[in-house]
Amino acid sequence: MTNKATQLSESHHPRPQWRSRMGFIFAALGSAVGLGNIWRFSYLCYKNGGGAFLIPYGIALLVVGVPLMILELGLGHKMRGSTPMCFAKVDRHWEWAGWWSVNCAMFGIMVYYAVIIAWCLSYVFFSFNLSWGMDPNNFFFNEYLQVSAAPGLIGDVRTPIVSSLLGVWTLCWVIVFFGVQKGIEKANKIFMPLLFVLILILVFWSVSLKGASVGIKQYLTPDFSLLSKPQIWIDAFSQIFFTLSLGFGIMMTYASYLPRKVNIVKDALTISVGNCLFSFISGFAVFGVLGYMATTTGKPVSEVVKESIGLAFVTYPQAISLMPGFAKIFGVLFFSTLVIAGLSSAISLIEAFTSAIIDKFHYSRRVIVTAVCVTGFFGSMLFATNAGIYWIDIVDHFITHYGLVTIGILQCILVGWVLKSQKLREHINHSAQWTLSKLWDFCIRFLTPSALAILLINDIVKESAKPYGDYSWIAVILIGRDWLLVALVVSLFIAARSWRTDLQIEKKPQEEKV
Ligand code: PFF
C-alpha cells in the first residue's frame, strides 16, 4: 500500500456498523432482490428456452456471480470504506473507477429505477378499482405514460407519475437519512420478511388458479437446442450481474459496515443463492398467472407473454381483470410486492453514493442524503416525461450491458493484479471458518474477466452494426453512450480532488450521528 493509502485506511471517522449479521444479510438481500427478480428473470427464462435457461444462469452464478460477490464483500471488509475509498486504498490512481461505479449507481440506475417503482406505486392504487379497464395496453402506454413517438420528443412531465415519484424519493430519503442501523437495517428487517410472505402468498394463489400448470410447464420445460445460441448466455450473464447488484460497489459499501470477525464466503453464498432462489420461486407466480390467462382466453402462453415491462404493466393487469373472487386484492398484493422489492434495492443505490461522499468530503449524512435525494428526484423527472420509457430502455441497456460489465472487469484487474488476489484471499480466510481456495484467485485473475470481456466484445460487435432496439444512432449515442461518458468525466473530476482525511487513529466503530 502507498503512503496515501495508509493514511486513508486510518480515517478518523468512526464507521457505522450493522447491529447484527442478520441485519446485514437482510440489507444485502434487499439490494439484490428487486424489480428484476420478479418479472425480468421469468421473462428471460421463458424467452430462452424455459428450464434450459437455468443452465447458463447457474454457470453465470458460479463463474461471475459468486466470485465477484466474494470480491466485493472481501474488499469492502478489508478496506472498511465506500467503493472509491476501497479503490483508492489499493491504488490512488484507481479511485476514478470507484467513483464511476457509484455515479453509475446513483445517476445511471437510481434515477430511472425510482420511476419504475413509482409506476408500481400508481398501480397499487389503480388495482383498487381496476382502473386499466378492458384495455390495459392502451391504458398503460397511451393514458398513463402518454408515450411520444420517439426518444427526442420529450414532451411534458407526466403529473400522475411525478406524484408517485415524490412518494418514492421521500421514502428513500427518510430511510437513508437515519443511517445504517436506524434507517437501512431497520427498514430491511421489515421489508425482507414482508417480501417473502407476500411472494409466497402470490405463488400459492397463482398456482391454484385454473390452468396455472400450463404456464408453469412452459416455464420449466427445457428447450436445450437454444443453448447453442450466444444470446441465451449473454442474457444469463447480464442478469446475474444486475440481479446480484454487482459492479456498483453496493456490496462493497455494505460490507464495510461489518465487524472484524465475519464469514465472508458464507455470507456471499447466502446472499447469491438466496437471491437466485427468490427469482426462481417468483417465476411460479408469474407463469401460474400466464397459464391461467392463456387457458381463460383460449390462447397459447406464447401469445399472452410480453417483454419485461409489458409483462408487469399490461399482461398482469389483464390477468387480474379476468380473475374470479378477490382480483383487486391480488393486484394490490402484486404491485405492493414490486414496490417493496424496488425500495429495498433503491436505498442501497443511494447509500453507495452517499457513503462515498461522506468518506471523501466528510459532510454530514443529513446534508448529503437530502441533497442527493432532491437532485435525484429532479433527475428522475426526465424519465417521467412522454419519452421517459425510451430513455429508461436506452440508459438501462447501456449501464447494465456496458457500464456494469466494464466495471466488473476493472474490479478483477484491480484485485487480481494490482492488489494481488492472494492478499485479499488471505484476509478473507483469516476472518472466517469457511475458507477460499486458489481456485478463487484463478477466477478473479482469469476466468471472470475473460467471460466478461467476451460479453462486452459481443455486445460491441453486435451493436456497432445495428443500433440497440432499432432506435436512431443519435438517440443511442446521445442518451446511452454519453450517459456513461459524462459519468466517467465527473468521476475523473471528483477523483482529482484531495481527501479530507487527517487523523491517524481508527476509532471503535459505532452508529453514526444523523
Ligand atoms: N438487483 C436489483 C434488481 O434485480 O432489481 C437491481 C439493482 C440494484 C441493480 C442495485 C444494481 C444495483 F446496483
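Residues numbered from 1 in each chain as written. Predicted model: local features only at pLDDT ≥ 70, side-chain atom pairs only at ≥ 80, totals over all residues. Heavy atoms only, no water.

Chemist: Help me out: how do you make sense of the overall build of the chain in this one?
Modeler: Within the chain one finds 20 helices and zero strands. For the chain, the C-alpha radius of gyration of 22 Å lies close to 24 Å, the compact-globule estimate for 514 residues. With the C-alpha coordinates of the chain rotated into their principal frame, the extents come out at 70 × 45 × 45 Å. Out of the 514 residues in the chain, the part that is buried amounts to 62%. Excluding contacts between residues fewer than 6 apart, the proportion of contacts in the chain whose partners are at least 24 apart in sequence is 86%. Surface summary for the chain: the accessible area is close to 19,300 Å², and the carbon and sulfur share equals 68%. (Helix = DSSP H or I, 4+ residues; strand = E, 2+ residues; numbered from the N terminus. Rg over C-alpha atoms; globule rule 2.2 N^0.38 Å. Buried < 20%, exposed > 50% of the residue type's maximum accessible area, 1.4 Å probe, protein only. Contact = heavy atoms within 4.5 Å. Areas by Shrake-Rupley, 256 points an atom, 1.4 Å probe, with all protein chains shown as cover.)

Chemist: I'm lost on the site of the ligand in this one. Help?
Modeler: Surveying the vicinity of the ligand reveals 15 residues, the closest of which are Ala32, Gly36, Tyr113, Phe242 and Ile250. Contact distances for the ligand include 3.3 Å between a nitrogen atom and a backbone N or O atom of Ser31. At 2.9 Å, a backbone N or O of Gly36 approaches an oxygen atom of the ligand. Isolated, the ligand exposes 340 Å² of accessible area, and the fraction of that covered by the protein chains is 100%. The set of elements that each furnish at least two residues to the shell around the ligand consists of α2 (21-32), α3 (35-47), α6 (95-128), α11 (230-243) and α16 (327-361). In the shell around the ligand, the residues fall into eight nonpolar, seven polar and no charged. (Near = heavy atom within 4 Å. Polar contact = N/O pair within 3.5 Å; in protein donor to acceptor, adjacent residues only side chain to side chain. Nonpolar A, V, L, I, M, F, W, Y, C, P; charged D, E, K, R; others polar.)

Chemist: Looking at this structure, how should I read the confidence of the model for the chain?
Modeler: Averaged over all residues, the pLDDT of the chain is 91; the fraction at 70 or higher stands at 95%. Every residue in residues 1-11 scores below 50 in pLDDT, and together they form 24 contacts with partners more than four places removed in sequence or on other chains. Between residues 502-514, whose pLDDT stays under 50, and residues either more than four places distant or in other chains, the model counts 39 contacts. (pLDDT = per-residue confidence, 0-100.)

Chemist: Honestly, helix α17 (residues 365-381) in this entry has me stumped. Any pointers?
Modeler: An α-helix turns once every 3.6 residues. As a result, residues three or four positions apart point the same way. The end-to-end C-alpha separation of α17 is 24 Å, in line with the 24 Å expected for 17 residues at 1.5 Å each. Within α17 the residues assigned to the buried category are Arg365, Ile368, Val369, Val372, Cys373, Gly376, Phe377, Ser380 and Met381. Check the buried side of α17 and you find it contacts α6, α8 (159-177), α9 (179-207) and α16. (Expected span 1.5 Å × (residues − 1).)

Chemist: Is there a simple way to explain unusual backbone geometry in this structure?
Modeler: In terms of backbone geometry, most residues other than glycine have negative phi values and most peptide bonds are trans. Here Arg80, not a glycine, exhibits a phi torsion of approximately 45°, which is positive. Along the chain, Arg80 turns up in the loop between α4 (54-79) and α5 (83-90). Residue classification places Arg80 among the buried residues on the basis of a relative accessible area of 9%. Although it is not a glycine, Asp470 sits at a positive phi angle of roughly 60°. For Asp470, the location among the structural elements is in the loop between α19 (438-465) and α20 (473-496). With relative accessibility at 61%, the residue Asp470 sits in the exposed group.

Chemist: Please clarify how the pattern of salt bridges should be interpreted in this entry.
Modeler: On inspection of all chains with the given rule, the structure shows ten salt bridges. Here Glu95 makes a salt bridge to Arg92, at a shortest N to O gap of 2.5 Å. Here Arg92 falls in the partly exposed class, since its relative accessible area comes to 24%. Between Asp470 and Lys466 there is a salt bridge, with the nearest N and O atoms lying 3.0 Å from each other. Residues joined in a network through salt bridges with shared partners are Arg92, Glu95 and Lys360. (Salt bridge = Lys/Arg side-chain N within 4 Å of Asp/Glu carboxyl O.)

Chemist: Is there a simple way to explain the packing of α16 against α17 in this structure?
Modeler: Helix packing for two helices is described by the angle between their axes and how far apart those axes are. At their nearest, the axes of α16 and α17 sit 10 Å apart, and the two run at 130° to each other. Taken together, the axes of α16 and α17 are oblique relative to one another. Seen from above, α16 lies across α17 with right-handed handedness. Side by side, α16 and α17 meet where Ile350, Glu351, Phe353, Thr354, Ile357 and Ile358 of the first sit next to Arg365, Ile368, Val369, Val372 and Cys373 of the second. When grouped by side-chain class, the residues that make up the contact of α16 with α17 number eight nonpolar, one polar and two charged. (Axes fitted to C-alpha atoms, helices over the stretch in contact; angles between N-to-C directions. Parallel < 35°, antiparallel > 145°, perpendicular 65-115°, else oblique. Left-handed = near helix turned anticlockwise from the far one by under 90°.)

Chemist: Before we go on, may I ask you to explain the packing of α6 against α16 in this structure?
Modeler: Where α6 meets α16, the closest approach of the two axes is 8 Å, and the angle between their N-to-C directions is 155°. As judged from the angle between their axes, α6 and α16 are roughly antiparallel. With respect to the hand of their crossing, α6 and α16 are arranged in left-handed fashion. Among the residues forming the contact of α6 with α16, the class breakdown is 26 nonpolar, six polar and three charged.

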